[in-house]
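In case you want the letters, here they are:
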Amino acid sequence: MDPMPHASPEETPPRPPDPAARDAHGGEVVIRVRDLVTHYGDRQILKNVSLDVHAGEILVIMGGSGSGKSTLLNHLLGLLRPTSGVIEVLGKDINTSKESELTEIRRKFGVAFQGGALFSSMNLLENIMLPLYEHTDLDRRTMEIMARMKMEVVSLSGFDDLMPAELSGGMIKRAALARAIVMDPRILFCDEPSAGLDPVVAANIDDLILDLRDATGMSVVVVTHELESAFKIADRICVLDKGKVLTIAPVDEVRANPDQRIQNLLNRRTEEEELDPEAYLRRLTGEKEP
Ligand SMILES: Nc1ncnc2c1ncn2[C@@H]1O[C@H](COP(=O)(O)OP(=O)(O)OP(=O)(O)O)[C@@H](O)[C@H]1O
């Protein structure tokens, strides 16, 4: 008997789906939030927030100051317990998960914090290796190689020995991204990845996030105030207002949404620029930004 019968073309087994090739809006759900309610003391901060994040998509969370973006992000990271509601990350309910299960889920996501959150006493290489120390038993040499591969991805090769105080704002953001992806996460969370950077450096960070997503197929959740950045990188935008989701939709739909609260948020930058007399004067005189 032929131990390996040849399959006819009709019998060819189906290929497993390629997550990177899936439709960003119809693919597997990697984060599922339902009716999330949270309080600080007596004050209700999030009001029945529901949203999904799909495999391979970039979801940008926007909203005015105090609208609840950081609170929502902290919930997704399992750092806060809600008053009620469900938060499932990669199929696990993180509110009811044990600490050991939470650690297992956290291995599968990376976080790039707003200020970089680099340890000032460690050099760049050590900072980027940190998650490997925390979550793996790899030998130091392997960790160094893995960290350097990610430093190359974010254009920080050769800066192993620099201390955080010696890095520019853009380098700190890139270092934070390198550390966040050093474990090849399924989900990357970025808190204000381009805030405080000049426009060219900020645009580089946006390109980097897009390239990382395209290369790995990971999902990315970004909290940002930067409108240009949101429009450039988002597949979908979730607009929060006073703890409620006003809309969660593709960029073009959000821009065309007639809701005045959404339009106020989207037009904020233009209004701010119009009201800035110094910027106006600089435009007239052709002087560069200080
Ligand atoms: N630890 C806390 N204790 C009490 N109230 C808090 C706490 N953290 C945040 N808040 C309040 O909760 C609300 C939502 O805050 P949050 O930081 O989530 O908003 P945000 O949209 O991220 O704002 P920003 O863009 O200014 O960072 C705000 O009114 C804030 O004052």
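Residues numbered from 1 in each chain as written. Predicted model: local features only at pLDDT ≥ 70, side-chain atom pairs only at ≥ 80, totals over all residues.

- As named in an unreviewed UniProt entry, the protein chain is Methionine ABC transporter ATP-binding protein, taken from Caenispirillum salinarum AK4.

### Details of the overall build of the protein chain
At step 1: On a plain count of helices and strands, the protein chain comes out with 10 helices and 10 strands.
At step 2: When burial is assessed residue by residue, the protein chain has 35% of its 290 residues classed as buried. (Helix = DSSP H or I, 4+ residues; strand = E, 2+ residues; numbered from the N terminus. Buried ≥ 20, exposed ≤ 12 C-beta atoms within 10 Å, placed from the backbone.)

### Some details on the domain arrangement of the protein chain
At step 1: According to the domain assignment, the protein chain consists of domain 1 (26-108 + 186-258) and domain 2 (121-184).
At step 2: Contacts between the two partners involve 12 residues from domain 1, matched on the other side by 11 residues from domain 2.
At step 3: Here the element with the most residues in the side of domain 1 that touches domain 2 is helix α6 (residues 199-216); it accounts for six residues. (Domains from an automatic or database assignment. Contact = placed C-beta atoms within 7 Å.)

### Let's talk about the nonpolar core
At step 1: One finds Val60, Ile61 and Phe189 to be the most contacted residues of the largest nonpolar core, which totals 69 residues.
At step 2: No other element matches the eight residues that helix α5 (residues 169-181) contributes to this core.
At step 3: Per-domain counts for this core show at least three residues from each of domain 1 (26-108 + 186-258) and domain 2 (121-184). (Core = buried A, V, L, I, M, F, W, Y, C linked by C-beta atoms within 7 Å.)

### Concerning the site of the ligand
At step 1: Taken together, the neighbourhood of the ligand is formed by Tyr40, Ile45, Gly63, Ser65, Gly66, Ser67, Gly68, Lys69, Ser70 and Thr71.
At step 2: Considering every element that reaches the shell around the ligand, the biggest residue donor is helix α1 (residues 69-76), with three residues.
At step 3: For the shell around the ligand, the class distribution of residues is two nonpolar, seven polar and one charged. (Near = placed C-beta within 6 Å. Nonpolar A, V, L, I, M, F, W, Y, C, P; charged D, E, K, R; others polar.)

### Topic: the pairing of strand β1 (residues 29-40)
At step 1: As judged from the eight bridges shared by β1 and strand β2 (residues 43-54), these two strands associate in the antiparallel manner. By the bridge assignment, isoleucine 31 is partnered in β2 with valine 53.
At step 2: Pairing between β1 and strand β4 (residues 84-89): five bridges, direction antiparallel. Each residue of the ladder has a partner; that of valine 37, found in β4, is serine 84. (Pairing = 2+ DSSP bridges.)

### Digging into the environment of asparagine 264
At step 1: Along the chain, asparagine 264 turns up in helix α9 (residues 260-275).
At step 2: C-alpha separation for the pair asparagine 264 and methionine 163, spaced 101 residues apart in sequence, amounts to 41 Å.

### With respect to the sheet that holds β1
At step 1: Taken in spatial order, the four strands make up an open sheet running β2-β1-β4-β5, and their pairing is antiparallel. Only two strands of the sheet have a single partner each, and these edge strands are β2 and β5 (92-93).

### Regarding the sheet that holds strand β9 (residues 236-241)
At step 1: Across the sheet, six strands lie side by side as β6-β7-β8-β3-β9-β10; this open sheet has mixed pairing. On the outer flanks of this sheet lie β6 (109-112) and β10 (244-250), each paired with one strand and no other. On average, each strand axis in the sheet is inclined to that of its neighbour by 15 degrees, with strand direction left out of account.
At step 2: As paired elements, strand β3 (residues 58-63) and β9 share five bridges and run parallel to each other. Its bridge partner lying in β9, isoleucine 61 is registered against cysteine 238. (Axes fitted to C-alpha atoms, helices over the stretch in contact; angles between N-to-C directions.)

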